[in-house]
Amino acid sequence: MTAFRSVAVIGAGAWGTALATVAARAGRNVTLWARNAEHAARIASTRDNPRLPGVRLAPEIMVTSELSLAARADMLLIATPAQHLRGAVNMVASHVSTPVPVIACAKGIEHGTHKFMTDVIAEAAPHALPAILSGPSFADDVARGLPTAVTLAAKDEALAGALVQALGSATFRPYHTTDVRGVEIGGAAKNVLAIAAGIVVGRNLGASALAALTTRGFSELARLGRALGARSETLTGLSGLGDLILTCSSPQSRNFALGLALGRGEQPPAGKLAEGEFTAPVLIELGASQNVEMPVSEAVAAILSGRSTIDAAISGLLTRPFKAEE
Ligand SMILES: NC(=O)C1=CN([C@@H]2O[C@H](COP(=O)(O)OP(=O)(O)OC[C@H]3O[C@@H](n4cnc5c(N)ncnc54)[C@H](OP(=O)(O)O)[C@@H]3O)[C@@H](O)[C@H]2O)C=CC1
Ligand SMILES: O=C(CO)COP(=O)(O)O
(Lines give C-alpha, C1' and ligand atoms only; values in the text may rest on other atoms or scores of the structure.)
(Ligands and ions follow the chains in the order given, each with its own letter.)
Protein backbone atom coordinates (compact mmCIF):
# COMPACT_ATOMS: atom_id res chain seq x y z
CA MET A 1 0.00 0.00 0.00
CA THR A 2 1.27 3.51 -0.89
CA ALA A 3 2.75 5.64 1.88
CA PHE A 4 0.51 8.63 1.05
CA ARG A 5 3.17 11.30 1.34
CA SER A 6 0.92 14.16 0.24
CA VAL A 7 -2.60 15.16 1.26
CA ALA A 8 -4.93 17.76 -0.23
CA VAL A 9 -7.89 19.10 1.70
CA ILE A 10 -10.69 20.40 -0.53
CA GLY A 11 -12.71 23.07 1.27
CA ALA A 12 -11.09 25.61 3.58
CA GLY A 13 -13.82 25.93 6.19
CA ALA A 14 -13.41 25.17 9.89
CA TRP A 15 -13.16 21.41 9.39
CA GLY A 16 -10.93 21.53 6.30
CA THR A 17 -8.53 23.84 8.12
CA ALA A 18 -8.43 21.57 11.18
CA LEU A 19 -7.82 18.52 8.99
CA ALA A 20 -4.99 20.25 7.14
CA THR A 21 -3.40 20.88 10.54
CA VAL A 22 -3.88 17.23 11.50
CA ALA A 23 -2.30 15.96 8.29
CA ALA A 24 0.67 18.31 8.70
CA ARG A 25 1.11 17.12 12.28
CA ALA A 26 1.16 13.55 10.96
CA GLY A 27 4.06 14.52 8.68
CA ARG A 28 2.25 14.75 5.32
CA ASN A 29 2.89 17.42 2.68
CA VAL A 30 -0.36 19.31 2.87
CA THR A 31 -2.27 21.49 0.42
CA LEU A 32 -5.41 23.29 1.57
CA TRP A 33 -7.70 24.27 -1.30
CA ALA A 34 -10.15 27.18 -1.01
CA ARG A 35 -12.58 27.87 -3.85
CA ASN A 36 -12.15 31.61 -3.57
CA ALA A 37 -8.77 32.94 -4.77
CA GLU A 38 -8.85 36.01 -2.51
CA HIS A 39 -9.77 33.88 0.48
CA ALA A 40 -6.90 31.48 -0.31
CA ALA A 41 -4.40 34.33 -0.69
CA ARG A 42 -5.50 35.91 2.58
CA ILE A 43 -5.17 32.64 4.53
CA ALA A 44 -1.81 31.97 2.87
CA SER A 45 -0.41 35.34 3.94
CA THR A 46 -2.01 35.76 7.39
CA ARG A 47 -1.88 32.00 8.30
CA ASP A 48 -5.28 32.60 9.89
CA ASN A 49 -8.68 31.47 8.62
CA PRO A 50 -11.66 33.53 9.80
CA ARG A 51 -13.72 30.30 9.64
CA LEU A 52 -11.52 28.87 12.41
CA PRO A 53 -10.40 31.95 14.30
CA GLY A 54 -7.45 31.81 16.66
CA VAL A 55 -5.79 28.82 14.98
CA ARG A 56 -2.43 29.54 13.37
CA LEU A 57 -1.85 27.52 10.20
CA ALA A 58 1.54 25.78 10.14
CA PRO A 59 3.95 27.45 7.66
CA GLU A 60 4.45 24.21 5.72
CA ILE A 61 0.76 23.98 4.70
CA MET A 62 0.33 25.29 1.16
CA VAL A 63 -2.92 27.22 0.64
CA THR A 64 -4.17 27.57 -2.92
CA SER A 65 -7.23 28.05 -5.09
CA GLU A 66 -5.56 26.16 -7.99
CA LEU A 67 -7.36 22.84 -8.17
CA SER A 68 -4.76 21.25 -10.44
CA LEU A 69 -2.13 21.77 -7.70
CA ALA A 70 -4.30 20.23 -5.00
CA ALA A 71 -5.61 17.31 -7.07
CA ARG A 72 -2.17 15.82 -7.62
CA ALA A 73 -1.91 14.74 -3.95
CA ASP A 74 -1.74 11.06 -2.93
CA MET A 75 -5.05 11.38 -1.08
CA LEU A 76 -7.87 13.91 -1.08
CA LEU A 77 -10.01 14.94 1.90
CA ILE A 78 -13.32 16.55 0.92
CA ALA A 79 -14.39 18.97 3.66
CA THR A 80 -17.21 20.95 2.04
CA PRO A 81 -20.80 20.90 3.36
CA ALA A 82 -22.54 17.62 2.47
CA GLN A 83 -24.85 19.17 -0.13
CA HIS A 84 -21.81 20.57 -1.98
CA LEU A 85 -19.69 17.43 -1.88
CA ARG A 86 -20.83 16.24 -5.31
CA GLY A 87 -19.93 19.57 -6.88
CA ALA A 88 -16.49 19.54 -5.27
CA VAL A 89 -15.78 15.94 -6.31
CA ASN A 90 -17.00 16.67 -9.85
CA MET A 91 -14.40 19.43 -10.09
CA VAL A 92 -11.62 17.25 -8.68
CA ALA A 93 -12.55 14.27 -10.86
CA SER A 94 -11.45 16.00 -14.05
CA HIS A 95 -7.91 16.14 -12.59
CA VAL A 96 -7.82 12.56 -11.28
CA SER A 97 -7.13 9.60 -13.55
CA THR A 98 -5.49 7.15 -11.12
CA PRO A 99 -7.17 5.30 -8.22
CA VAL A 100 -6.58 7.91 -5.51
CA PRO A 101 -8.35 7.72 -2.11
CA VAL A 102 -11.02 10.40 -1.77
CA ILE A 103 -12.17 10.71 1.84
CA ALA A 104 -15.54 12.29 2.62
CA CYS A 105 -15.25 14.45 5.74
CA ALA A 106 -18.77 15.91 5.50
CA LYS A 107 -21.68 14.56 7.56
CA GLY A 108 -24.97 14.30 5.71
CA ILE A 109 -27.12 12.66 3.05
CA GLU A 110 -27.60 14.14 -0.42
CA HIS A 111 -30.99 15.75 -1.08
CA GLY A 112 -33.01 14.24 -3.90
CA THR A 113 -30.84 11.16 -4.42
CA HIS A 114 -30.80 10.01 -0.73
CA LYS A 115 -27.17 9.05 -1.36
CA PHE A 116 -24.53 8.83 1.32
CA MET A 117 -21.23 10.65 0.84
CA THR A 118 -19.09 7.72 -0.39
CA ASP A 119 -21.76 6.79 -2.96
CA VAL A 120 -21.68 10.36 -4.25
CA ILE A 121 -17.88 10.14 -4.53
CA ALA A 122 -18.07 6.81 -6.39
CA GLU A 123 -20.53 8.31 -8.87
CA ALA A 124 -18.76 11.62 -9.39
CA ALA A 125 -15.19 10.25 -9.52
CA PRO A 126 -15.19 6.71 -10.90
CA HIS A 127 -11.38 6.46 -10.47
CA ALA A 128 -11.54 7.30 -6.77
CA LEU A 129 -11.22 4.94 -3.82
CA PRO A 130 -14.02 6.31 -1.58
CA ALA A 131 -13.59 6.48 2.18
CA ILE A 132 -15.19 8.37 5.06
CA LEU A 133 -13.85 10.02 8.20
CA SER A 134 -16.30 10.81 11.01
CA GLY A 135 -16.52 10.88 14.78
CA PRO A 136 -16.65 13.13 17.83
CA SER A 137 -14.31 15.96 16.90
CA PHE A 138 -14.88 19.70 16.98
CA ALA A 139 -12.65 21.49 14.46
CA ASP A 140 -11.38 23.85 17.14
CA ASP A 141 -10.37 20.99 19.50
CA VAL A 142 -8.67 19.11 16.67
CA ALA A 143 -6.76 22.13 15.38
CA ARG A 144 -5.59 23.04 18.88
CA GLY A 145 -4.14 19.55 19.29
CA LEU A 146 -6.54 18.44 22.03
CA PRO A 147 -6.91 14.63 22.12
CA THR A 148 -9.58 13.31 19.73
CA ALA A 149 -10.52 9.93 18.24
CA VAL A 150 -12.52 9.29 15.06
CA THR A 151 -13.46 6.44 12.73
CA LEU A 152 -12.09 6.09 9.21
CA ALA A 153 -13.90 3.64 6.93
CA ALA A 154 -13.11 2.21 3.53
CA LYS A 155 -14.42 -0.97 1.92
CA ASP A 156 -10.87 -2.31 1.64
CA GLU A 157 -9.45 -2.93 5.11
CA ALA A 158 -5.83 -2.53 3.99
CA LEU A 159 -6.68 0.87 2.51
CA ALA A 160 -8.54 1.98 5.65
CA GLY A 161 -5.55 0.92 7.75
CA ALA A 162 -3.06 2.75 5.51
CA LEU A 163 -5.12 5.95 5.60
CA VAL A 164 -5.20 5.78 9.40
CA GLN A 165 -1.41 5.39 9.48
CA ALA A 166 -1.05 8.43 7.21
CA LEU A 167 -3.33 10.75 9.20
CA GLY A 168 -3.03 9.54 12.78
CA SER A 169 -0.94 11.12 15.51
CA ALA A 170 -0.87 11.09 19.31
CA THR A 171 -3.66 13.64 19.56
CA PHE A 172 -5.73 12.60 16.52
CA ARG A 173 -6.47 8.88 16.73
CA PRO A 174 -8.44 7.39 13.84
CA TYR A 175 -9.77 3.82 14.24
CA HIS A 176 -10.30 1.94 10.99
CA THR A 177 -13.25 -0.14 9.82
CA THR A 178 -14.77 -1.49 6.61
CA ASP A 179 -18.30 -0.55 7.75
CA VAL A 180 -18.59 2.50 5.53
CA ARG A 181 -22.40 2.69 5.74
CA GLY A 182 -22.44 2.46 9.53
CA VAL A 183 -20.05 5.41 9.79
CA GLU A 184 -22.07 7.48 7.32
CA ILE A 185 -25.38 6.87 9.09
CA GLY A 186 -24.05 7.87 12.52
CA GLY A 187 -22.51 11.13 11.29
CA ALA A 188 -25.63 12.16 9.37
CA ALA A 189 -28.25 11.24 11.97
CA LYS A 190 -26.49 12.64 15.03
CA ASN A 191 -26.70 16.18 13.66
CA VAL A 192 -30.51 15.99 13.46
CA LEU A 193 -30.71 14.51 16.97
CA ALA A 194 -28.40 17.23 18.30
CA ILE A 195 -30.91 19.86 17.18
CA ALA A 196 -33.54 18.03 19.26
CA ALA A 197 -31.17 17.94 22.24
CA GLY A 198 -30.58 21.69 21.93
CA ILE A 199 -34.34 22.28 21.90
CA VAL A 200 -34.72 20.23 25.10
CA VAL A 201 -32.08 22.35 26.84
CA GLY A 202 -33.44 25.59 25.38
CA ARG A 203 -36.89 24.73 26.72
CA ASN A 204 -35.43 23.96 30.19
CA LEU A 205 -36.86 20.42 30.21
CA GLY A 206 -34.10 19.21 32.55
CA ALA A 207 -31.08 16.90 32.53
CA SER A 208 -33.24 13.76 32.79
CA ALA A 209 -35.15 14.72 29.64
CA LEU A 210 -31.86 15.36 27.81
CA ALA A 211 -30.58 11.89 28.73
CA ALA A 212 -33.89 10.31 27.67
CA LEU A 213 -33.92 12.22 24.37
CA THR A 214 -30.31 11.31 23.58
CA THR A 215 -30.92 7.63 24.36
CA ARG A 216 -34.17 7.39 22.41
CA GLY A 217 -32.45 9.32 19.61
CA PHE A 218 -29.71 6.70 19.59
CA SER A 219 -32.41 4.01 19.35
CA GLU A 220 -33.73 5.42 16.12
CA LEU A 221 -30.23 6.03 14.72
CA ALA A 222 -29.43 2.36 15.46
CA ARG A 223 -32.77 1.13 14.00
CA LEU A 224 -32.04 2.91 10.73
CA GLY A 225 -28.45 1.69 10.81
CA ARG A 226 -29.50 -1.94 11.26
CA ALA A 227 -32.07 -1.62 8.45
CA LEU A 228 -29.33 -0.38 6.13
CA GLY A 229 -26.84 -3.11 7.11
CA ALA A 230 -24.61 -1.20 9.56
CA ARG A 231 -22.72 -3.17 12.19
CA SER A 232 -23.71 -2.68 15.82
CA GLU A 233 -20.13 -2.02 16.93
CA THR A 234 -19.98 0.90 14.48
CA LEU A 235 -23.30 2.31 15.71
CA THR A 236 -22.14 2.16 19.33
CA GLY A 237 -18.65 3.34 18.36
CA LEU A 238 -17.02 6.73 17.86
CA SER A 239 -18.87 7.73 14.70
CA GLY A 240 -22.29 6.75 16.12
CA LEU A 241 -22.89 6.91 19.85
CA GLY A 242 -19.61 8.79 20.42
CA ASP A 243 -20.49 11.67 18.12
CA LEU A 244 -24.10 11.67 19.33
CA ILE A 245 -22.95 12.12 22.93
CA LEU A 246 -20.63 14.98 21.94
CA THR A 247 -23.09 16.94 19.85
CA CYS A 248 -26.10 16.34 22.10
CA SER A 249 -24.27 17.73 25.12
CA SER A 250 -22.32 20.76 23.99
CA PRO A 251 -23.31 24.25 22.81
CA GLN A 252 -19.98 24.15 20.93
CA SER A 253 -21.96 22.07 18.40
CA ARG A 254 -23.62 24.26 15.79
CA ASN A 255 -26.50 21.79 15.51
CA PHE A 256 -27.05 21.83 19.28
CA ALA A 257 -26.73 25.64 19.23
CA LEU A 258 -29.42 25.86 16.54
CA GLY A 259 -31.76 23.74 18.68
CA LEU A 260 -30.90 25.78 21.77
CA ALA A 261 -31.89 29.02 20.02
CA LEU A 262 -35.11 27.47 18.69
CA GLY A 263 -35.97 26.12 22.13
CA ARG A 264 -35.43 29.54 23.69
CA GLY A 265 -37.45 31.23 20.97
CA GLU A 266 -34.36 33.19 19.84
CA GLN A 267 -32.91 33.82 16.38
CA PRO A 268 -30.58 30.96 15.36
CA PRO A 269 -26.87 31.94 15.10
CA ALA A 270 -26.29 33.57 11.69
CA GLY A 271 -23.82 32.20 9.16
CA LYS A 272 -23.17 28.94 11.01
CA LEU A 273 -23.49 25.66 9.11
CA ALA A 274 -25.84 23.25 10.93
CA GLU A 275 -25.93 20.16 8.70
CA GLY A 276 -28.84 18.64 10.64
CA GLU A 277 -31.14 21.26 9.16
CA PHE A 278 -30.41 19.90 5.67
CA THR A 279 -30.25 16.25 6.72
CA ALA A 280 -33.55 16.15 8.66
CA PRO A 281 -35.96 15.96 5.69
CA VAL A 282 -33.80 13.40 3.84
CA LEU A 283 -33.27 11.31 6.97
CA ILE A 284 -36.99 10.91 7.59
CA GLU A 285 -37.62 10.09 3.91
CA LEU A 286 -34.93 7.43 4.17
CA GLY A 287 -36.44 6.11 7.44
CA ALA A 288 -39.90 5.94 5.85
CA SER A 289 -38.52 4.09 2.82
CA GLN A 290 -37.10 1.46 5.22
CA ASN A 291 -40.22 1.33 7.45
CA VAL A 292 -38.10 2.60 10.33
CA GLU A 293 -39.82 4.72 12.97
CA MET A 294 -37.83 7.90 13.69
CA PRO A 295 -40.08 10.04 15.92
CA VAL A 296 -37.40 12.39 17.23
CA SER A 297 -36.01 13.10 13.75
CA GLU A 298 -39.55 13.53 12.46
CA ALA A 299 -40.26 16.07 15.19
CA VAL A 300 -37.11 18.02 14.26
CA ALA A 301 -38.02 17.98 10.56
CA ALA A 302 -41.57 19.13 11.35
CA ILE A 303 -40.32 22.01 13.52
CA LEU A 304 -37.74 23.15 10.95
CA SER A 305 -40.24 23.08 8.09
CA GLY A 306 -42.85 24.95 10.12
CA ARG A 307 -45.26 21.99 10.07
CA SER A 308 -45.24 21.88 13.87
CA THR A 309 -44.62 24.21 16.75
CA ILE A 310 -42.02 23.18 19.30
CA ASP A 311 -44.67 22.70 22.00
CA ALA A 312 -46.82 20.51 19.74
CA ALA A 313 -43.78 18.42 18.75
CA ILE A 314 -42.75 17.90 22.39
CA SER A 315 -46.31 17.01 23.36
CA GLY A 316 -46.50 14.58 20.39
CA LEU A 317 -43.35 12.77 21.60
CA LEU A 318 -44.54 12.64 25.22
CA THR A 319 -47.94 11.18 24.39
CA ARG A 320 -46.77 8.33 22.16
CA PRO A 321 -48.11 4.94 23.30
CA PHE A 322 -46.03 3.13 25.94
CA LYS A 323 -44.11 0.20 24.47
CA ALA A 324 -41.34 -2.30 25.12
CA GLU A 325 -37.81 -0.89 25.16
CA GLU A 326 -35.71 -2.11 22.24
N1 LIG B 1 -16.57 22.10 12.10
C2 LIG B 1 -16.51 20.93 12.69
O3 LIG B 1 -16.21 20.84 13.92
C4 LIG B 1 -16.75 19.67 11.94
C5 LIG B 1 -17.38 19.67 10.70
N6 LIG B 1 -17.63 18.51 10.04
C7 LIG B 1 -18.33 18.49 8.77
O8 LIG B 1 -17.52 19.12 7.78
C9 LIG B 1 -18.37 19.70 6.77
C10 LIG B 1 -17.90 21.14 6.55
O11 LIG B 1 -18.11 21.84 7.77
P12 LIG B 1 -17.27 23.10 8.22
O13 LIG B 1 -15.92 23.12 7.63
O14 LIG B 1 -17.38 23.17 9.69
O15 LIG B 1 -18.16 24.26 7.56
P16 LIG B 1 -17.73 25.77 7.29
O17 LIG B 1 -19.02 26.50 7.10
O18 LIG B 1 -16.75 26.24 8.29
O19 LIG B 1 -16.97 25.70 5.89
C20 LIG B 1 -17.49 25.15 4.73
C21 LIG B 1 -16.45 25.36 3.65
O22 LIG B 1 -16.88 24.71 2.46
C23 LIG B 1 -16.63 25.60 1.38
N24 LIG B 1 -17.54 25.29 0.31
C25 LIG B 1 -18.88 25.45 0.30
N26 LIG B 1 -19.37 25.03 -0.88
C27 LIG B 1 -18.32 24.63 -1.61
C28 LIG B 1 -18.19 24.13 -2.91
N29 LIG B 1 -19.25 23.94 -3.71
N30 LIG B 1 -16.95 23.81 -3.36
C31 LIG B 1 -15.89 23.99 -2.56
N32 LIG B 1 -15.95 24.47 -1.31
C33 LIG B 1 -17.16 24.79 -0.85
C34 LIG B 1 -16.87 26.98 1.95
O35 LIG B 1 -16.19 27.91 1.13
P36 LIG B 1 -16.33 29.50 1.32
O37 LIG B 1 -15.44 29.80 2.51
O38 LIG B 1 -15.81 30.04 0.04
O39 LIG B 1 -17.77 29.77 1.58
C40 LIG B 1 -16.24 26.85 3.31
O41 LIG B 1 -14.86 27.10 3.28
C42 LIG B 1 -19.80 19.57 7.29
O43 LIG B 1 -20.43 18.47 6.67
C44 LIG B 1 -19.63 19.29 8.78
O45 LIG B 1 -20.69 18.51 9.31
C46 LIG B 1 -17.21 17.32 10.56
C47 LIG B 1 -16.56 17.26 11.75
C48 LIG B 1 -16.29 18.43 12.55
O1 LIG C 1 -19.52 17.02 13.81
C2 LIG C 1 -19.11 17.70 14.71
C3 LIG C 1 -18.41 17.16 15.88
O4 LIG C 1 -18.13 15.81 15.75
C5 LIG C 1 -19.36 19.15 14.68
O6 LIG C 1 -20.64 19.37 15.14
P7 LIG C 1 -21.46 20.62 14.63
O8 LIG C 1 -21.47 20.54 13.11
O9 LIG C 1 -22.82 20.46 15.23
O10 LIG C 1 -20.76 21.84 15.11
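These numbers come from a predicted model, not from an experiment.

Let us look at the UniProt feature "binding site: NADPH" (unreviewed entry) in the protein. Sites flagged by UniProt as "binding site: NADPH" (unreviewed entry) map to Trp15, Arg35, Lys107, Ala139, Arg254, Leu273 and Glu275. An extended arrangement is adopted by the annotated residues: their sequence extent is 261 residues, and the largest C-alpha distance between any two is 22.8 Å. Considering only the annotated residues already named, the ones lining the largest pocket are Trp15, Arg35, Lys107, Ala139, Arg254, Leu273 and Glu275. Within the secondary structure, Arg254 is located in helix α12 (residues 254-264). In this structure, Arg254 is in contact with Lys272, Leu273 and Ala274, ignoring residues within four places of it in sequence. Examined against the element boundaries, Glu275 turns out to sit in helix α13 (residues 275-289).

Pairing is mixed across the open sheet formed by 8 strands, whose spatial order is β3-β2-β1-β4-β5-β6-β7-β8. The sheet is open, and its two edges are formed by β3 (62-64) and β8 (172-177), each paired on a single side. Taking each pair of neighbouring strands and ignoring which way they run, the sheet shows an average axis angle of 25°. Where strand β6 (residues 129-134) lies against strand β7 (residues 148-154), 4 bridges are found, and the strand directions are antiparallel. Within the sheet, the bridge partner assigned to Ser134 lies in β7 and is Thr151. Relative to strand β2 (residues 29-33), helix α1 (residues 14-25) is tilted by about 170°, and along the sheet it contacts β1 (6-10), β2, β4 (75-78), β6 and β8. Strands in contact with helix α11 (residues 238-247) are β6, β7 and β8; relative to β7, the strand with the most contacts, it is inclined by about 145°.

Moving on, we get to α12. Counting buried positions over the 11 residues of α12 gives 8, a clear majority of the element. Buried within α12 are the following residues: Asn255, Phe256, Ala257, Leu258, Gly259, Leu260, Ala261 and Gly263. Along its buried surface, α12 packs onto α8 (180-202), α11, α13, α14 (295-305) and α15 (310-318). With a side-chain oxygen lying 3.2 Å from the backbone nitrogen of Asn255, the N-terminal cap of α12 falls on Ser253. Of the residues one or two after α12, Gly265 is the one with positive phi, at around 75°.

What follows deals with the packing of α14 against α15. Between α14 and α15, the shortest axis-to-axis distance is 9 Å and the interhelical angle comes to 165°. The angle between α14 and α15 falls in the class roughly antiparallel. Taken as a pair, α14 and α15 cross one another with a handedness that is right-handed. Here Pro295, Val296, Ala299 and Ile303 of α14 lie close against α15, whose contacting residues are Ile310, Ala313 and Leu317. In terms of residue class, the contact of α14 with α15 is built from 7 nonpolar, no polar and no charged.

Of all the 7 residues making up β7, 6 are buried; the element is thus mostly covered by neighbouring parts of the structure. Across 6 bridges, the pairing between β7 and β8 is parallel. Each residue of the ladder has a partner; that of Thr148, found in β8, is Phe172. Following the backbone out of β7, through helix α7 (residues 157-167) and into the adjacent parallel β8, one traces a crossover that is right-handed.

Below, the discussion takes up the nonpolar core. The biggest cluster of nonpolar side chains holds 43 residues, and the ones touching the most others in it are Met75, Leu77, Ile103, Leu133 and Leu167. Among the elements that make up this core, the one with the highest residue count is α1 (8 residues). Once you skip the residues sitting within four places of it in the chain, Leu133 turns out to touch Trp15, Leu19, Ile103, Ala104, Cys105, Val150, Thr151, Leu152, Leu167 and Phe172.

Here is what the cut-offs are and how they apply
Residues numbered from 1 in each chain as written. Chains lettered and ligands numbered in written order. Predicted model: local features only at pLDDT ≥ 70, side-chain atom pairs only at ≥ 80, totals over all residues. Heavy atoms only, no water. UniProt positions renumbered as here; feature names shortened; annotations may be inferred. 1 Å grid on protein atoms, 1.4 Å probe; cavity = no way out; pocket = protein on both sides within 12 Å on 5 of 7 lines; lining within 4 Å. Helix = DSSP H or I, 4+ residues; strand = E, 2+ residues; numbered from the N terminus. Contact = heavy atoms within 4.5 Å. Pairing = 2+ DSSP bridges. Axes fitted to C-alpha atoms, helices over the stretch in contact; angles between N-to-C directions. Buried < 20%, exposed > 50% of the residue type's maximum accessible area, 1.4 Å probe, protein only. Polar contact = N/O pair within 3.5 Å; in protein donor to acceptor, adjacent residues only side chain to side chain. Parallel < 35°, antiparallel > 145°, perpendicular 65-115°, else oblique. Left-handed = near helix turned anticlockwise from the far one by under 90°. Nonpolar A, V, L, I, M, F, W, Y, C, P; charged D, E, K, R; others polar. Right-handed = clockwise from strand over helix to strand, strands pointing away. Core = buried A, V, L, I, M, F, W, Y, C linked by side-chain atoms within 4.5 Å.

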